[in-house]
Amino acid sequence: MPFYSFHCANCAADVELLIGISERPVCPGCGGRKLTRLPSLPAPPARSPGLIRAARAQAAREGHLSNFSRAERKKR
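Notes on the structure in this doc start here. (Residues numbered from 1 in each chain as written. Predicted model: local features only at pLDDT ≥ 70, side-chain atom pairs only at ≥ 80, totals over all residues. Heavy atoms only, no water.)

## With respect to the sheet that holds strand β3 (residues 35-37)
So, step 1. An order of β2-β1-β3 is seen for the 3 strands of this open sheet, with the pairing classed as antiparallel. Where the open sheet ends on each side, the last strands, each with one partner, are β2 (14-18) and β3. Strand after strand, the sheet turns through a mean of 40° between neighbouring axes, direction not considered.
So, step 2. Where strand β1 (residues 3-8) lies against β3, 3 bridges are found, and the strand directions are antiparallel. Residue pairing in the sheet places H7 in a bridge with T36 of β3. (Pairing = 2+ DSSP bridges. Helix = DSSP H or I, 4+ residues; strand = E, 2+ residues; numbered from the N terminus. Axes fitted to C-alpha atoms, helices over the stretch in contact; angles between N-to-C directions.)

## A look at unusual backbone geometry
So, step 1. For A12, which is not glycine, the phi torsion reads 60° and is therefore positive.
So, step 2. Turning to its location among the elements, A12 is positioned in the loop between β1 and β2.
So, step 3. Overall, A12 belongs to the exposed group, its relative accessible area being 53%. (Buried < 20%, exposed > 50% of the residue type's maximum accessible area, 1.4 Å probe, protein only.)

## Observations concerning the environment of S5
So, step 1. For S5, the location among the structural elements is in strand β1.
So, step 2. In this structure S5 comes out as partly exposed when scored by relative accessible area, which is 25%.
So, step 3. When the C-alpha atoms of S5 and R37 are compared, they prove to be 5.9 Å apart, with 32 residues separating the residues in sequence.
So, step 4. Apart from the residues lying within four places of it in its own chain, the contact partners of S5 are V15, E16, T36, R37 and L38. (Contact = heavy atoms within 4.5 Å.)

Listed below in structure tokens is the structure:
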């Protein structure tokens, strides 16, 4: 089930709820059902290659080679 962002018309709260598509959301603050779904924000550009490279470098410095392939272990 995905998270959806909603705005409650009764109490003016913005909430994120984990609900199914067919479920009708309820405001956790006031119990109201007048919720408007807010537009989703785009995901930021992926930075995972840099994070992975940094994590692997730290693991190599500390001697933890479990996240390297056999060929990469022989090089180190």
